[in-house]
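Per-entry structural report
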Amino acid sequence: MSVKAFELVPAVERALLMGDKARINIECIECCGKNLYVGTNDCFIYHFLLEEKTTSKEKLTFSVQKQQHKYLGLKKPVSELKAASALNRLIVLCDNTIMLVNMLNLDPVQSGAKIKGVVTFTVNENPVNGDPFSVELGVISVKRRTIQIYMVYEDRVQIVKELATPEQPSAVCLDGYFLCLALTTQYIIVNYSTGASQDLFPFDTEEKKPIVKRIGREEFLLAGPGGLGMFATAAGISQRAPVHWSENVIGAAICFPYVVALDEGFVTVHSMLDQQLKQTLPFRDGHIMQDFEGKVILATMKEVYVLVPLPLERQLLDLLASQRVEEAIVLVEGAQRNIPKEKFLVMYRRILQQAGFIQFGQLQFLEAKDSFSKGQLDARELISLYPLLLPSTSTFTRSHPPLHEFADLNHLTQGDQEKITKCKRFLINYLKEIRSTEVANGYKEDVDTALLKLYAEADHESLLDLLVSENFCLLVDSAPWLEKHKNLFIVCSDILTGKIKDTNLNLECAILYGKLEEHDKALHILVHQLKDFQAAEDYCLWNSEGRDLSYRQRLFHMLLAVYMDPAVANDTLVMAAVDLLNTNAEVFDAVRVLRLVPGNWSIQLLCPFLRGAMRENMHSKRMSQVALGLAKSENAIYKHEKLKYKGLINLSEKKGCQLCHNTFSEPECVCYPNGILVHIHCAAKRNRDSASKQHFTNPSNHT
Amino acid sequence: MKPDVKLVLLGDMNVGKTSLLHRYTERKFTNTISTIGGAFFLKQWGPHNISIWDTAGREQFHGLGSMYCRGADAVILTYDVTNWQSLAELEDRFLAVTDTAKPDCIFAIVGNKADLTDDCALFKEAEGDESPVQTKGSPRLRKQVHTEDAVALYKRILKYKMLEEKDCLPAEKMCFETSAKTGYNVDTLFESLFDMVVPVILKNRNEGFSQTVDLTEYNDGKRTRPGCCV
């Protein structure tokens, strides 16, 4: 069950606060950047600077420097603290009164601005009002069944709303216009702008302490019956399954993707992704747990601790090390929205590849294949597990750090022959599937040669298919294997070696020219000396592999020119040219070809080519129409966005339609991007007319 | 991924809600523990993401039901065929919980544990050649709830919702008997519900779209009326 997601690190020790004064306790904490504030029951506020330090052994510690402490002079506990860094203010609740103090020297503001009669308050972290130099507070008033909304400025406060609740509220959270409230018998959500209220679920807050916690846009976490942590949106819907805490949970906080909770003896960590309990940390006498900008801070009566999340990579490695593949994948997928796309993709692929090897090690081949292909595994990582399969010329080295712990197949299977056979069968299927896909690009030789060896060894019926089809098997490596596994397929070996002997020299030559990019000469050898037209065609294909289409087109035109060279014209070459055109119509520039072919060739002869070329041209025309259409619609979307920002449109009976100049009698109208208003029927008519005229004139020119 | 269909399983504790969902999603029967709070499952159905909420039957969590049902497109009311009380609870305790579901929410009534009372339920659907699933040690029990009882309840539900029977899906199509243990009728239950609920949400969605004015298709009211000269 357990994964190490967090570490508890001490931050403020007893000696820095009350020393040995037994009756002095921590009442509340606030953390804002590096500033840590502690409020005590003897009316003091302490200000510390909290700095992360990493020791040589990668152990995280905190260095704490005391900046200030201040007595507020009320002999009452400081019950809540909230920093408003944009205002440089600390909002303090003490003796049922909210006051503002300077964040740095803790002096009360000159104006003496106060809110009296406050039971508890909350800061709106997602206010609708966008003024950055104000803070919106939701306040539970000492007045029975009353909630108030205040705006807090640098040195003044202003009430903006007061609303009555059906029962006495005891806890509150704010997001946008939505107040999430714990009432005596239930939780509700109230839109303070419209007054609309939505019941969530019953909860007896007189029997158990409620928890109301904003966890994101319009979503809250609430303590539910039976120790449940319930999620609820502002619409009153649960979008995630609940997490299961203990009955006596004291506090909860969010550190994505985890929900952490505090009870009498433990900190529990649940994943919001699968609702499972992931970690339990013993923590005695805890009484405060809060998250501040993603940092979770805990306090006992005397000391402060930070719950430090371990890096995602570490957590993933831990999960994989304990073979918990699914959880690791869920965790990394869940982290997608929190890390940059590029970084995510790299991490995601790597996790999938590692997961794939774990599944492979457990002989869960279906799952392994899925992980490998989603993780875009370099197939050579897998091939290299099988001794001698990679060609001797292969330059491949396994990735570092390694993706798995296996030396080779013998190590993985402990020499179990049956398992080895299963693994080989898996590799055959896997390579067969990927050899013609993008994943194999760049190392087709390695893949095909490995496949050939596996086929040969297993007497596989597909061996012949592989050899006679287009393949990248390396001759040097393949021939000995075919010989070694003397079997039916000795024939194949002959096919290969026979081909080599006769044609060896010329072929080498052609390949060399090819490497020098002197395709003209290479093709000349293939066509005139080897008279291997298929090879010439293949040559064009693989030399243009991975290049753009125009490169391939150039090669094919070159080959066509070789065939149609007037100096050596003969019937065989003409037929080869016709075949080439007819079977590769889509590659050629049809216009150029048509200029080139002699007038005496019949249409009949070139019919497949012409059909193919037409189709290709048609296709590219339609594709560009699609692209054009998409671009147009994108443009329209932007125009729509732009219009939305323009704001209000005024329409009155006095205004006339710019097209027909009659007035508007109904509220519906069409607004052109330039702000001109017209009747819907005028716009429709105009649309029809302009469609038939195929052009668009600005309606503003119309008058 | 935002689900576009919401389906909720309701019913007394121990009738087998979690087991039904498990059988459908995991293709096996496992001894589940009493559900705490609720659980959530996503199913891809064609282009749609269907969220299925498995709720806790225990009285303790009853208060959460209304929230889980809010905005539901379909509700599966589950009872145990060997336990009359479990059917009665549906009407007494769970029907009111569905008040928060969508107005056009569809209801299915499902009697689970049919393998304990009916021989036909010893076989998994569509796999008739399979030998009966091992049910040794589970003696035949008396069937306390018959399909007619479920049909009658379905009709009472429509009345409660003030719906006309003729406007709604017929009771025979909405009452199922299943066995999570053998798999009997489980796929049929979920998949026929998916098939029934998807057209409903598509219809709602299309009605939402009709607020768009298509200028190329726009016809003036006057133009569409057949004139005397036509």
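Structure: see above.
The sections below set out a description of the structure shown in this document. This one's a predicted model, so the numbers in the text were calculated from it and none came from an experiment. Note on numbering: residues in each chain are counted from 1, in written sequence order. Key to labels: chains lettered from A, ligands numbered from 1, both in the order written. The model is predicted, so local features are restricted to residues of pLDDT at least 70 and side-chain atom pairs to those at 80 or more, both for listing and for counting; the totals for chains, interfaces and linings are taken over all residues. To get the side-chain values, all heavy atoms of the structure are used, and hydrogens and water are removed first.

1. So, the side chain of Thr122(A)
Residue and element names in this part refer to chain A. What counts is decided by this rule: Comment: elements are numbered from the N terminus, with helices defined as DSSP H or I runs of at least four residues and strands as E runs of at least two. For every residue, the accessible area (1.4 Å probe, protein chains only) is compared with the maximum for its type, and the residue is labelled buried under 20%, exposed over 50%, or partly exposed between those bounds. Here a residue-residue contact requires only that any non-hydrogen atoms of the pair lie within 4.5 Å.
Along the chain, Thr122 falls in strand β10 (residues 118-123). Exposure remark for Thr122: the relative accessible area of 9% places this residue in the buried category. Residue contacts for Thr122: discarding those within four places in its chain leaves Glu136, Leu137, Gly138, Val172, Cys173 and Leu174.

2. A look at the pattern of salt bridges
Here is the rule we go by: By definition, a salt bridge exists where a carboxyl oxygen of Asp or Glu is found within 4 Å of a side-chain nitrogen of Lys or Arg.
Counting across every chain of the model gives 33 salt bridges over all chains. Between Arg93(B) and Glu89(B) there is a salt bridge, with its nearest N and O atoms 2.6 Å apart. Of this pair, Arg93(B) and Glu89(B) both sit in helix α3 (residues 84-94), four residues apart, which is roughly one turn of the helix. The burial state of Arg93(B) is the same as that of Glu89(B); both residues are buried. One connected set of salt bridges, linked through shared partners, spans Asp274(A), Lys278(A), Arg324(A) and Glu327(A).

3. So, unusual backbone geometry
With an omega of 0°, the peptide bond between Phe256(A) and Pro257(A) qualifies as cis. Relative to the helices and strands, Pro257(A) resides in the loop between β22 (251-255) and β23 (258-262). His400(A) connects to Pro401(A) through a cis peptide bond whose omega is 0°. The residue Pro401(A) is located in the loop between α6 (379-383) and α7 (409-413) in this model. Backbone geometry at His661(A) places phi at a positive 65°, although glycine is not the residue there. Its location among the elements puts His661(A) in the loop between α18 (603-646) and β29 (670-671). The backbone of Asn185(B) sits at a positive phi, close to 65°, despite the residue not being glycine.

4. Considerations on the sheet that holds strand β2 (residues 38-45) of chain B
Residues and elements named next belong to chain B. Formally: Strand pairing is defined by DSSP finding a minimum of two bridges between the two strands. What counts as an axis is a line fitted to C-alpha atoms, over the stretch in contact for a helix, and the angles between N-to-C directions run from 0 to 180 degrees.
With respect to topology, six strands assemble into an open sheet ordered β2-β3-β1-β4-β5-β6, the strand pairing being mixed. In the strand order of this sheet, the two ends are held by β2 and β6 (175-177), each with one partner. Going from strand to strand, the sheet's axes swing by 20° on average, the running direction of each strand aside. Together, β1 (5-11), β2, β3 (48-55), β4 (74-80) and β5 (106-112) form the strand contacts of helix α1 (residues 17-26), whose direction differs from that of β3 by roughly 150°. The sheet strands contacting helix α4 (residues 147-160) are β4, β5 and β6, and the helix crosses β5 at an angle near 155°.

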